[in-house]
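# Per-entry structural report
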Amino acid sequence: MIDLLADDEQGHDGPGDGAQAARVRVWDPLVRVFHWGVVLAVAVAWLTADEVQQIHEVAGYAVAGLVAFRLLWGLVGSRHARFAAFLKGPRATLAYLGDMIAGRERRYLGHNPAGAAMIVALLLTLSGTAFTGWLMAEPDRVAMLPSLPQIVAPAFADEDHDDHDVVTAWRGEGANEALEEVHEVLANLLLLLAALHVGGVVLASFRHHENLPLAMVTGDKRAAGPGDIT
Ligand code: HEM
Ligand code: HEM
């Protein structure tokens, strides 16, 4: 694929001499466009929810498109963009969190295991929010989910609905209320996760003496030093 890594990966330095240190390309342009595009689209979706429905839906679809692209890029993208490069199992993630608490976690050039777990949670929540929004926008779309009515509809079948007619109940008002509820819970969860994500970014920036948000803008980070994980 595109070689988006800088040539010079030799330089190493301690945390103190950031300004003169060798820099290496870590985030390729598409990862950066994806990231700030998602941030912008989520902000627009939030600000227009219940206000300007058309813009809300366009922003939501933009989120869905960006996430779809990222899933593909996670398979074929540049080195640090690939899921195989940064997704770790629960054991490694817990070990990393333990090291963080003990204040001895190592610096990662790409995503660290805790950040990677948060990325998975964010991508899932982004997808779920956009998907429930899409379902809600057209009542007929719910009918395309064959197995859901039996599970969910009875809970919303009130006295206006025949208990046997669960599909009708699901397609009716109850379904939309349920979907709206799920959509809203996911949108709120997304905000919570994003806040934790930014907290993690700020913490890691301080711990390793580097500006991680700026690196997500320029694509470059201080080259790996001794003990860092590339
Ligand atoms: C709606 C809010 C946000 C969402 C959904 C979000 C989502 C994500 C995702 C999915 C990634 C993985 C990037 C990739 O490999 O493709 C990421 C990484 C990152 N995000 Fe965000 N983000 C949000 C807000 C922010 C904000 C406000 C900042 C700046 C303070 C920020 C800074 C970063 C940084 C620095 C990374 C790279 C972390 C690392 O070095 O491992 N994010 N974010
Ligand atoms: C990640 C993207 C999205 C976010 C963060 C988001 C967030 C929200 C929020 C916070 C609400 C307000 C709930 C309330 O207070 O009633 C809402 C409502 C809604 N959203 Fe989304 N949404 C997203 C994507 C979508 C998409 C893709 C669609 C449809 C194509 C959509 C359709 C709707 C509809 C129909 C409502 C109900 C508006 C009403 O009250 O009539 N959303 N969304």
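Residues numbered from 1 in each chain as written. Chains lettered and ligands numbered in written order. Predicted model: local features only at pLDDT ≥ 70, side-chain atom pairs only at ≥ 80, totals over all residues. Heavy atoms only, no water.

## Things to note about the site of ligand 1
- Looking at ligand 1, there are 19 residues lining it, with H35, R70, H111, H197 and L212 nearest.
- Between a nitrogen atom of ligand 1 and a side-chain N or O atom of H35, the distance comes to 2.7 Å.
- Examining the composition of the shell around ligand 1, we find that seven residues originate from one element, helix α1 (residues 29-48), more than from any other.
- Residue composition of the shell around ligand 1, by class: 15 nonpolar, three polar and one charged. (Near = heavy atom within 4 Å. Polar contact = N/O pair within 3.5 Å; in protein donor to acceptor, adjacent residues only side chain to side chain. Helix = DSSP H or I, 4+ residues; strand = E, 2+ residues; numbered from the N terminus. Nonpolar A, V, L, I, M, F, W, Y, C, P; charged D, E, K, R; others polar.)

## Regarding the nonpolar core
- Ranked by size, the top nonpolar core spans 17 residues in total, and within it V38, V42, V63, L123 and L126 carry the most contacts.
- When residues of this core are traced back to their parent elements, those giving at least two are α1, α2 (53-76), α3 (83-86), α5 (113-137) and α9 (173-207).
- No other element matches the six residues that α5 contributes to this core.
- In this structure L126 touches V38, V42, V63, V67 and L190, once residues within four positions along its chain are discounted.
- The next biggest cluster of nonpolar side chains, apart from the first, holds 10 residues, and it includes V24, W27, A81 and A215. (Core = buried A, V, L, I, M, F, W, Y, C linked by side-chain atoms within 4.5 Å. Buried < 20%, exposed > 50% of the residue type's maximum accessible area, 1.4 Å probe, protein only. Contact = heavy atoms within 4.5 Å.)

## Here we look at the side chain of H183
- Tracing the backbone through its elements, the reader meets H183 in helix α9.
- Looking at H183, its side chain comes within polar contact range of the main-chain nitrogen of G133, at 3.2 Å.
- Once residues within four sequence positions are removed from consideration, H183 is found in contact with H56, T129, T132, G133 and M136.

## Concerning the coordination of the iron atom of ligand 2
- Within the protein, H56 (NE2) and H183 (NE2) serve as the donor atoms for the iron atom of ligand 2, at 2.0 Å.
- For the iron atom of ligand 2, the six donor atoms are set out with angles of 86 to 179° between them, so the coordination reads as octahedral. Of this pair, H56 sits in helix α2 while H183 sits in helix α9, and the two are 127 residues apart along the sequence.
- By relative accessible area, which is 14% here, H183 ends up buried. (Donors = N, O, S within 2.8 Å, 3.2 Å for Na, K, Ca; no water. Tetrahedral: all angles 85-135°; square planar, octahedral: opposite > 155°, others 65-115°.)

## Side note on the site of ligand 2
- Neighbouring ligand 2 are 20 residues, the closest being D50, Q53, H56, G133 and H183.
- At 2.5 Å from an oxygen atom of ligand 2 is found a side-chain nitrogen or oxygen belonging to D50.
- Measuring from a nitrogen atom of ligand 2, one finds a side-chain N or O atom of H183 at 2.7 Å.
- Of all elements in the fold, only α1, α2, α5 and α9 reach the threshold of two or more residues within the shell around ligand 2.
- Along the lines of polarity and charge, the residues of the shell around ligand 2 split into 10 nonpolar, six polar and four charged.

Honestly, that's just the spatial picture; any functional story needs more than this.
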